[in-house]
Amino acid sequence: MSEPIPYFDLPAQIRSLRPDLDAAIARTLDNCSFCLGPDVVQFEKDFAKYISAEHCVGFNSGTSALHVAMILLGVGPGDEVITTPYTFVATSWAISYVGAKPVFADIEDATFNLDPKLVERAITPRTKAIMPVHLYGHPFDVDSILEIARRKKLALVEDAAQAHGATYKGKTVGTLGAMSCFSFYPGKNLGACGEGGALVTNNAAYAARARSLREHGSTVRYYYDEVGYNYRMEGIQGAVLGVKLKRLGQWAERRRAIAKIYSELLSVTPLQLPREAAYAQSAWHLYVVRHARRDELKIHLDANGVGCALHYPLPLHLQKCYASLGYKAGDFPVAEKAARECLSLPIYPELTDQQIQRITDLIKRFF
Ligand SMILES: Cc1ncc(COP(=O)(O)O)c(C=O)c1O
């Protein structure tokens, strides 16, 4: 059998950056700025510029940034936040962490993202905010959801954890609502050598309070203005992210090219392929195809040495952790069908054209 094709080839990415990463990590070892420090400050400036936002606050994970976003908006017990059931669980954790209730609305079949019409129907007098996700790196329908948010006086938080550099009508996502949160988990388009996240906003007051909340609610050492958290970004992660950010533009182009090749080669198969909406440029974090025989296709690819994954096999409203919310199967049919049919194919800058050819040949053989 030919060489296996991993679902994600992090070792190849790290090899390609190794001298620069070694130098960046050595610099942190020399200056001993392990918690925040100059490399985190520099990365915050550079990432804000990349996103075209005024403020970026580094966190120790995307989950922490989302949690703090809820606190900044004053979301708490008795409040509801509308979000998608078809996302990574950290989106709704943020809502649960502050004692509020995640209220799910179904997604659009074409983009896997929150359906604006259904968002509007989910609003109640207790709704405080809407938190859609740019899932797989594809922007959600921002204008439609922003219009509802403005009309109903609700805050909009973007979960941009998967969408570094994606654009909506030419604007970089992450600056379209009150604030946005990014993840730098190692598997993301921009990933740390460990955990990392950021809160991005154009609002100086939100940024200042986020800086305090990530550091025990403190701006002056050993004086605490409010109950805070230890959510600081590590110095080493700031240094590593600074190295990787320089490559992000070039990586994004390669991801686009890979998506285009997949879409051309797979157009003759019965798979439902991901397509960009007219308003969107996806970050192509994932390339997710759909078919009713998804499980068989996955077994076929696995057996032939091609890694693939499921994002996500069970929507959040059917997860055990949310049983108390009282949802049942059938409540969000579009999300439930997507969960049964989705299959994420390998997509990363190091994937070669030959590997894509082999993957698509295997898929054609399956059908
Ligand atoms: C959509 C989404 N939201 C939130 C997160 C949480 O980010 P982290 O893993 O950095 O805490 C992730 C990634 O893991 C994600 O994919």
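This structure is a prediction, so every number in the text was calculated from the model and none was measured.

Parameters and conventions
Residues numbered from 1 in each chain as written. Predicted model: local features only at pLDDT ≥ 70, side-chain atom pairs only at ≥ 80, totals over all residues. Heavy atoms only, no water. Near = heavy atom within 4 Å. Polar contact = N/O pair within 3.5 Å; in protein donor to acceptor, adjacent residues only side chain to side chain. Areas by Shrake-Rupley, 256 points an atom, 1.4 Å probe, with all protein chains shown as cover. Helix = DSSP H or I, 4+ residues; strand = E, 2+ residues; numbered from the N terminus. Nonpolar A, V, L, I, M, F, W, Y, C, P; charged D, E, K, R; others polar. Axes fitted to C-alpha atoms, helices over the stretch in contact; angles between N-to-C directions. Parallel < 35°, antiparallel > 145°, perpendicular 65-115°, else oblique. Left-handed = near helix turned anticlockwise from the far one by under 90°. Contact = heavy atoms within 4.5 Å.

J.: Residue-level account of the site of the ligand, with values.
T.: Near the ligand, the surroundings consist of 15 residues, among which Gly62, Thr63, Asp159, Ser183 and Lys188 are the closest. Between the ligand and Gly62 there is a distance of 2.8 Å, counted from an oxygen atom to a backbone nitrogen or oxygen. A distance of 2.9 Å separates an oxygen atom of the ligand from a polar atom in the side chain of Gln162. Relative to its unbound accessible surface of 390 Å², the ligand loses 94% to contact with the protein. Those elements giving two or more residues to the shell around the ligand turn out to be helix 3 (62–72) and helix 4 (90–97). Tallying contributions element by element places helix 3 first for the shell around the ligand, with three residues. A breakdown of the residues in the shell around the ligand according to their chemical character gives five nonpolar, eight polar and two charged.

J.: Got a sec to walk through the packing of helix 1 (residues 10–31) against helix 8 (residues 235–265)? Specific residues and values, please.
T.: The contact between helix 1 and helix 8 brings their axes to 9 Å, and the two run at 135 degrees. As far as their axial angle goes, helix 8 and helix 1 are oblique. For the element pair helix 1 and helix 8, the recorded crossing hand is right-handed. Two secondary-structure elements touch here, helix 1 through Leu10, Gln13, Ile14, Ser16, Leu17, Asp20, Leu21, Ala24, Ile25, Arg27 and Thr28 and helix 8 through Gly235, Ile236, Ala239, Val240, Val243, Lys244, Arg247 and Trp251.

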